[in-house]
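# Structural overview
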Amino acid sequence: MKIESLKIENVGGISSLSIKKFDPKMNIICGENGIGKTNILDSIAHCFTQFSNFILKKKSNCVNGYVTIECDFNRNDPYTCLIASFEPRDYNNNPFDFRSKSLTNFNDNNPYLIYFKTERLFLHKWIESLNIYEQADRHLNNLDGVSNENAKDWFIKNELLSSQIYTAKNDKNSIEFAKKAFGILNQSYSFSALKQDMEIYVNTPTGIIPYEYLSSGFKTCISIVWGIIREVQIRFPNMYIGDFNGVILIDEIELHLHPEWQGKICNALTTLFPNVQFIISTHSPHVIQTAEVNEVIALSGQNGNLEKRTLDIAPCGFKGWTIEEILTDVMGMKDLRTQLYEDVKEKFDSALKNKDVKAATEAYDKLNQMLHPTYPLRALFKMQLDGLKG
Ligand SMILES: Nc1ncnc2c1ncn2[C@@H]1O[C@H](COP(=O)(O)OP(=O)(O)OP(=O)(O)O)[C@@H](O)[C@H]1O
Ligand SMILES: [Mg+2]
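Residues numbered from 1 in each chain as written. Chains lettered and ligands numbered in written order. Predicted model: local features only at pLDDT ≥ 70, side-chain atom pairs only at ≥ 80, totals over all residues. Heavy atoms only, no water.

### Let's talk about the confidence of the model for the protein
Rules: In predicted models, pLDDT denotes the confidence assigned by the predictor to each residue on a 0 to 100 scale. Residues count as neighbours in contact if any of their non-hydrogen atoms are within 4.5 Å of one another.
Residue-level pLDDT values for the protein average 88, and 92% of them are 70 or greater. Across residues 87-91, confidence stays below pLDDT 50; counting only partners more than four residues off in sequence or on other chains, it has four contacts.

This is how it looks when you write it as structure tokens:
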């Protein structure tokens, strides 16, 4: 399954948005806080969720909202969800009514969509008895997102069974895949062993530790990779994990990741899951820097009327761009330096213009303390000051 286009009308804070073409592999949505990134992911997940849980709301003051999705298998009959006022009580006349129900024109039992919301960390859990029950039709609640609950039980059960001859080849593959997750972003880490205390141990440069003691960055990666493997294994018991060709939504992919890992995570995911279409949101220029042409959906707009900005992208995407160029040209940041710096620089410039040696010297001294040690224009500022002093 691949999503091809999306239209949203009066849902959450979005009045209108049309994304005419999604990339079949990776789509990176960026835009300022509150512009509607999570709303877009929720809207997509909602179209593949049977049980409405009131996460998605029609826009305040609107009678109805709509989400329309075109997939590779429904071009002639796109999915349309109607996000309408909640009945039977009449809330229609209440301008603050935000409760809603959804009506869909399709059979939503579609397990090909997996959604990762922003909760990805987990704490240590003692295993006293294994909880091996897994709800097979979990996709009916897609909009709730993938949960870490019972992930440890899932791993232990599969690891224990993997040595049995009657265990299916696919299940053995899944657990091997899950073990590899530890080394995805740092090869110095690897799965060590499942020991008798039912702890999952990991080799790290500082010693062997239970996997819950890994750093937050590691845990978020494990959450996503194990989450995908686990969902595919449970939803499609006969499918080899690398063959999964559904849609994976991830909100704020960069959470807890150092910039270096932010720059690696998308490539790692598309390499591990080559047939998946990812639709992710981010605030990270490092994530965008690794993107190919057509993978970035930079949102702009006002009062909820959003559009995908047309970007002047080089044939190789953003790989040769600096972080500053991405921040200003793609992410719409106006000031890369602090207001304090801008104020001092303005004082320096106007002191030069007014030939005010004292003020220029004061401003230069402040600039000198603020700038990066190797900032190339520092020498120019010094020459300007020396020129003024004569
Ligand atoms: N029912 C509604 N009617 C009108 N506006 C709404 C409604 N529900 C949410 N909003 C607006 O939509 C915004 C939330 O959008 P969303 O969470 O998708 O933003 P985001 O781009 O994911 O932001 P962030 O980067 O902070 O996560 C809120 O700021 C709120 O103002
Ligand atoms: Mg958000």
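### Quick notes on the domain arrangement of the protein
Going by this rule: Boundaries between domains were set according to an automatic or database domain assignment.
Assigned domains of the protein: these are domain 1 (2-330) and domain 2 (339-389). Summarising the inter-unit geometry, the C-alpha centres of domain 1 and domain 2 are found 48 Å apart.

### Some points on the environment of F273
Note the threshold: Secondary structure elements follow DSSP: runs of H or I of four or more residues count as helices, runs of E of two or more count as strands, with numbering from the N terminus. Throughout, exposure labels follow a simple rule: accessible area from a 1.4 Å probe, protein chains only, divided by the maximum for the residue type, with under 20% read as buried, over 50% as exposed, and the rest as partly exposed.
In this fold, F273 is placed in the loop between α5 (259-272) and β12 (277-282). Judged by relative accessible area, which is 1%, F273 ranks as buried. Sequence separation between F273 and G246 is 27 residues; the distance between their C-alpha atoms is 9.9 Å. Discounting residues that sit within four places of it in the chain, F273 has contacts with F177, V225, I228, I229, I241 and F278.

### Side note on the pattern of salt bridges
Selection criterion: Definition used for salt bridges: Asp or Glu carboxyl oxygen within 4 Å of a side-chain nitrogen of Lys or Arg.
According to the stated counting rule, one finds 13 salt bridges in the structure shown. Residue E362 is joined to K358 by a salt bridge in which the shortest nitrogen-to-oxygen separation is 3.5 Å. A residue pair is termed a helical-turn pair when its members lie 3 or 4 positions apart in one helix, as E362 and K358 do in helix α9 (residues 357-370) at four residues. Residue K382 pairs with D386 through a salt bridge whose shortest N-O separation is 3.2 Å. Taken together, the positions of K382 and D386, both in helix α10 (residues 378-389) and four residues apart, correspond to about one turn of that helix. A relative accessible area of 35% places K382 in the partly exposed class. When salt bridges that share partners are traced, they join K152, E199 and E212 into one network.

### Details of the state of the cysteines
Here a disulfide denotes one covalent bond, and it connects the sulfur atoms of two cysteines. Put simply, the rule reads: Any cysteine sulfur atom paired with another within 2.5 Å is treated as part of a disulfide.
This structure, assessed with the given rule, holds zero disulfides. Free cysteine C266: the closest other cysteine sulfur is in C221, separated by 11 Å.

### Some thoughts on the packing of helix α3 (residues 169-180) against helix α4 (residues 216-235)
Formally: Axes, fitted as lines to C-alpha atoms, cover a helix only where it is in contact. Angles between the N-to-C directions of the axes lie from 0 to 180 degrees. Working rule for angles: under 35 degrees goes down as roughly parallel, over 145 as roughly antiparallel, 65 to 115 as roughly perpendicular, anything else as oblique.
Where α3 contacts α4, the two axes come as close as 9 Å, and the packing angle between them is 170°. Classified by the angle between their axes, α3 and α4 sit roughly antiparallel to one another. Mapping the contact onto sequence places D171, S174, F177 and A178 in α3 and W226, I229 and Q233 in α4.

### Quick word on the layout of surface pockets
In plain terms, the rule: Throughout, the protein atoms alone are placed on a 1 Å grid, and a set of points is a cavity if a 1.4 Å probe fits but cannot get out or a pocket if it is open with protein on both sides within 12 Å along at least five of seven lines; lining residues have an atom within 4 Å of a point. Grid points are joined across faces, edges and corners, and a volume is the space filled by probe spheres set on the points. Residue type decides the class: Asp, Glu, Lys and Arg count as charged, Ala, Val, Leu, Ile, Met, Phe, Trp, Tyr, Cys and Pro as nonpolar, and the leftover types, Gly among them, as polar.
Roughly 320 Å³ of volume is contained in the largest pocket. Around the largest pocket sit 17 residues that line it, and Q135, R138, G145, S147 and E231 are the ones nearest its centre. Those elements giving two or more residues to the lining of the largest pocket turn out to be β7 (113-116) and α4. With three residues, α4 is the single largest residue contributor to the lining of the largest pocket. Among the residues making up the lining of the largest pocket, the classes are represented as four nonpolar, six polar and seven charged.

### Observations regarding the site of ligand 1
This is how the line gets drawn: Here, proximity means that at least one heavy atom of the residue falls within 4 Å of the molecule or strand. Here a polar contact means two N or O atoms within 3.5 Å. Within protein one must be a hydrogen donor candidate and the other an acceptor candidate, and residues neighboring in sequence count only if both atoms are side-chain atoms. All accessible-area figures derive from a Shrake-Rupley calculation using a 1.4 Å probe, and residue coverage is judged against the displayed protein chains alone.
Taken together, 16 residues sit near ligand 1, with N33, G34, K37, T38 and H283 positioned nearest. The separation between an oxygen atom of ligand 1 and a polar side-chain atom of K37 is 2.7 Å. Residue T38 places a side-chain N or O atom 2.8 Å away from an oxygen atom belonging to ligand 1. Notes on ligand 1: free accessible area 650 Å², of which the protein chains cover 62%. Taken together, the residues that form the shell around ligand 1 break down as one nonpolar, nine polar and six charged.

### Focus on the environment of N158
Relative to the helices and strands, N158 is located in helix α2 (residues 151-161). The buried category is assigned to N158, whose relative accessible area is 7%. Separated by 20 residues in the primary sequence, N158 and A178 place their C-alpha atoms 10.0 Å from one another. Those residues in contact with N158 that sit more than four places away from it in its chain are D171, I175 and Q233. In this structure the side chain of N158 is engaged in a polar contact, spanning 2.9 Å, whose partner is the side chain of Q233.

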